[in-house]
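Listed below are the residues making up each chain.
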Amino acid sequence: MRKRFNLIVTNSYDEMSNAAYKELKNEILSGANKIGLATGSTPIGLYRNIVDDYINGNNVYSSLSYYNLDEYHGLEASHPQSYSYFMKQHLFNHINATKTHIPDGACDIEKSIREYQDILDSIQIDVQVLGIGVNGHIGFNEPSTPFDIKTNYVKLKNNTREANKRFFDNDIDAVPKNAITMGISDIMKAKKIIILANGESKATAIYNMIYGEIDPLNPASVLQNHPNVTVVIDRNAASKLPLKTVAIDISSTRVKFARYDHNMKREMFEIHDIANRNPIELLDENICDYVDEDTYRIGASVSGHVFKGCVSSKKLGLYKYDLSGYLKNKFNLETKILNRANAAGYAEHITNHKDNVSSYYFSLATGVGGGFVFRDEIIEGRRGVAGELGNLIVDGVCKNESELGAFERTYDYNVANDEESLKLTSAAVISNIVHILDPNVVIIDIKHLNINPNIVCDIEKIVNDNLYNSVDEKITVHEANVEHNSLLGLALYMNRSGKN
Ligand code: F6R
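Residues numbered from 1 in each chain as written. Predicted model: local features only at pLDDT ≥ 70, side-chain atom pairs only at ≥ 80, totals over all residues. Heavy atoms only, no water.

**So, the site of the ligand**
Right, so step 1: Of all residues adjacent to the ligand, which total 14 residues, the nearest are T42, D70, H137, G139 and K202.
Right, so step 2: For the ligand, an oxygen atom lies 2.5 Å from a polar atom in the side chain of D70.
Right, so step 3: In the complex, the protein chains occlude 95% of the 410 Å² of accessible area that the ligand would expose alone.
Right, so step 4: Here the shell around the ligand is built from residues that sort into three nonpolar, eight polar and three charged. (Near = heavy atom within 4 Å. Polar contact = N/O pair within 3.5 Å; in protein donor to acceptor, adjacent residues only side chain to side chain. Areas by Shrake-Rupley, 256 points an atom, 1.4 Å probe, with all protein chains shown as cover. Nonpolar A, V, L, I, M, F, W, Y, C, P; charged D, E, K, R; others polar.)

**Let's talk about the packing of helix α2 (residues 44-55) against helix α3 (residues 83-95)**
Helix-helix packing is characterised by the crossing angle of the two axes and by the distance between the axes.
Right, so step 1: Contact geometry of α2 with α3 gives a least axis separation of 8 Å together with a crossing angle of 20°. Here α2 is positioned roughly parallel relative to α3, judged by the angle of their axes. With respect to the hand of their crossing, α2 and α3 are arranged in left-handed fashion. Here α2 contributes I44, Y47, I50, V51 and Y54 to the contact with α3, which in turn contributes F86, M87, H90, L91, H94 and I95.
Right, so step 2: Within the contact of α2 with α3, the residues separate by chemical class into nine nonpolar, two polar and no charged. (Axes fitted to C-alpha atoms, helices over the stretch in contact; angles between N-to-C directions. Helix = DSSP H or I, 4+ residues; strand = E, 2+ residues; numbered from the N terminus. Parallel < 35°, antiparallel > 145°, perpendicular 65-115°, else oblique. Left-handed = near helix turned anticlockwise from the far one by under 90°. Contact = heavy atoms within 4.5 Å.)

**Thoughts on the sheet that holds strand β22 (residues 441-445)**
Right, so step 1: Strand order in the open sheet formed by five strands is β21-β20-β19-β22-β23, and the pairing between neighbours is mixed. On the outer flanks of this sheet lie β21 (377-378) and β23 (476-479), each paired with one strand and no other.
Right, so step 2: Packed onto the sheet, helix α12 (residues 419-437) meets β19 (358-364), β20 (368-374) and β22 and runs at close to 155° relative to β19. (Pairing = 2+ DSSP bridges.)

**Let's talk about unusual backbone geometry**
Right, so step 1: Even without being a glycine, D438 presents a positive backbone phi close to 50°.
Right, so step 2: Looking at where D438 falls in the secondary structure, it is placed in the loop between α12 and β22.
Right, so step 3: Judged by its relative accessible area of 56%, D438 is exposed.
Right, so step 4: Positive phi, normally seen in glycine, also occurs at H484, with a value near 45°.
Right, so step 5: With respect to the helices, strands and loops of the structure, H484 is situated in the loop between β23 and α14 (485-496). (Buried < 20%, exposed > 50% of the residue type's maximum accessible area, 1.4 Å probe, protein only.)

**So, the confidence of the model for the protein**
Right, so step 1: Of the residues in the protein, 93% reach a pLDDT of 70 or more, and the chain-wide mean stands at 91.
Right, so step 2: The low-confidence segment residues 392-396 (pLDDT under 50) makes 27 contacts with residues lying over four places distant or belonging to another chain. (pLDDT = per-residue confidence, 0-100.)

**Notes on the environment of N495**
Right, so step 1: By the secondary structure assignment, N495 is in helix α14.
Right, so step 2: Overall, N495 belongs to the buried group, its relative accessible area being 12%.
Right, so step 3: A sequence separation of 260 residues divides N495 from R235, and the C-alpha atoms of the two residues are 9.8 Å apart.
Right, so step 4: When neighbours within four sequence positions are excluded, N495 is seen to be in contact with R235, T245, M264, Y296 and R297.

**Concerning a nonpolar patch on the surface**
Right, so step 1: On the surface, V357, F374 and I379 cluster together to form a nonpolar patch covering roughly 200 Å² of accessible area.
Right, so step 2: The class for V357 is partly exposed, based on a relative accessible area of 34%. (Patch = residues over 30% accessible without salt bridge, like charges linked within 9 Å, V, L, I, M, F, W, Y side chains within 5 Å. Salt bridge = Lys/Arg side-chain N within 4 Å of Asp/Glu carboxyl O.)

**Some thoughts on helix α10 (residues 340-352)**
Right, so step 1: Taking 1.5 Å per residue, 13 residues should reach 18 Å; α10 reaches 18 Å between its end C-alpha atoms and fits that length.
Right, so step 2: Burial in α10 covers these residues: A341, N342, A343, A344, G345, Y346, A347, E348 and H349.
Right, so step 3: The N-cap of α10, judged by a side-chain oxygen 2.8 Å from the amide nitrogen of A341 a few residues on, is N339. (Expected span 1.5 Å × (residues − 1).)

**Here we look at the nonpolar core**
Right, so step 1: The biggest cluster of nonpolar side chains holds 35 residues, and the ones touching the most others in it are L7, I195, I206, M209, L223 and I233.
Right, so step 2: The element best represented in this core is helix α7 (residues 203-211), accounting for four residues.
Right, so step 3: When residues no more than four places from it in sequence are discounted, the contact partners of I233 are L7, I8, V9, T10, M16, A197, I206, A238 and L241.
Right, so step 4: In terms of nonpolar packing, the next biggest core, distinct from the first, is built from 29 residues, A19, I28, L37 and I44 among them. (Core = buried A, V, L, I, M, F, W, Y, C linked by side-chain atoms within 4.5 Å.)

**Examining the sheet that holds strand β1 (residues 6-10)**
Right, so step 1: Spatial ordering of the open sheet is given by β1-β10-β9-β6-β2-β3-β5, a layout of seven strands whose pairing is parallel. Two strands bound the open sheet, and with one partner strand each, they are β1 and β5 (99-101). When the angles between neighbouring strand axes are averaged without regard to direction, this sheet yields 15°.
Right, so step 2: Across the sheet, helix α1 (residues 13-29) is in contact with β1, β2 (34-37), β6 (127-130), β9 (192-197) and β10 (229-234); its angle to β9 comes to roughly 170°.
Right, so step 3: Against the sheet, α3 engages β2, β3 (65-68) and β5, with an angle of about 175° to β3.

**Observations regarding the packing of aromatic side chains**
Right, so step 1: Applying the stated criterion across every chain yields a total of 10 aromatic pairs.
Right, so step 2: Relative to F86, the ring of Y83 has its centre 6.5 Å away and its plane inclined at 70°; by these criteria the two rings are edge-to-face. Taken together, the residues span about one helical turn, with Y83 and F86 both in helix α3 at a distance of three residues. No difference in accessibility class separates Y83 from F86, as the two residues are buried.
Right, so step 3: Taken together, a centroid distance of 4.7 Å and an interplanar angle of 80° make the contact between Y346 and Y493 edge-to-face. (Phe/Tyr/Trp six-rings, centres within 6.5 Å; stacked < 30°, edge-to-face > 60°.)

**Some thoughts on the side chain of T10**
Right, so step 1: Relative to the helices and strands, T10 resides in strand β1.
Right, so step 2: Given a relative accessible area of 1%, T10 falls into the buried group.
Right, so step 3: Looking at T10, its side chain comes within polar contact range of the main-chain oxygen of S12, at 3.3 Å.
Right, so step 4: Here the side chain of T10 touches M16 through a polar contact of 3.3 Å, landing on its backbone nitrogen.

Listed below in structure tokens is the structure:
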């Protein structure tokens, strides 16, 4: 069974660096002052974030103590390829760090190991930052290193020297053959570990770290035994992980549950009628069937107003209900809550209209919803209602004027089910939206209304006839056609990036 690492998957190297920086900074703000550091290309972006923070006035970094993992044997600290030099160049010189510790690679090996071990034995590192080698090494603890080893002298494997020759003008002969490294048991002593990786070359190492046997042949697998490890990786390094997303869609009448695999293939799906139930109770009863040990994201698309993970919906009997908090508490996974029209619009956009910069989605069902997608992002707005046209009824039973959205205010709900009125109102409202947002396409969802599909063409014509248009650019209005679009849109949106 896979051990649950705290896993953050991001879209890019910069996002990875930023996420790792936030993790580390949170720890520092909570009192961590002994920080273990790594070298190599992976943490450079993290160090850049720290330097920027320092430049912006946060000088906490100067007072912390730093402990590096390793150093090449035979390189003086002043050698441009030494890790000592690297740390000064990328971090220490820029943050006025004085309490820095790195094994000495140039003096007598026995002495250097003893001195470094004495330092490590006298402290406990609060947060250890790690990279990972393509062969799964952590620090320079190469495959076959015993897990109980402390600071030691190592012979570097050829694939490690091969991977690192890029720092030595691609000359493998210039890469030192040996190094001094903190041992695996020293690394495991840290209170918290943040391990970073980016790029496809790390995908196998990351897979083996999380799913492999805990075995010295795969050094990073030892981290499965550590109680507090956060893995921060980009999409490419995550590409071999079979990660799953659980999506829940709550409309006024039904709750849908689904689980998607890492290729967004739906592998579980069920629909429950809400009937007269409380939707959250219904959710609570069923959700555990869907969340397995490989699930790393969970979210809900909900009809109603969504703001910062809280849901308000009269029909659902919810007012500022912290659905995100509920899911987080229950599963400790990344969560996202979206308005279901936004989610549906996103699914339509990504599935059929991705070549367009922007699209506006408009759904006519028992309620009216709207959502705007711009450059593959949902625009939710400051209060979470951007693009929202209404919230109530096209089926004729509006009770409270104050609950009317833009659509219902225009629509003569007393003559509901009158297609002509519905068409004219939709066209009028969409014309307004088109003038304000100027989307590339409009998508109308009438799947849930028993209505003549020609209404979509008619609306397109009326909108274009009404459009102020000096450039002869017509707006195209399409019919929505993605099945269970809110559910899929939510899952796709959660997976588009590591951080929601
Ligand atoms: C560096 C270290 C190594 C690197 C690993 C990945 O101090 O201990 O374990 O973290 O070799 O290197 P990069 O980041 O260059 O891919």
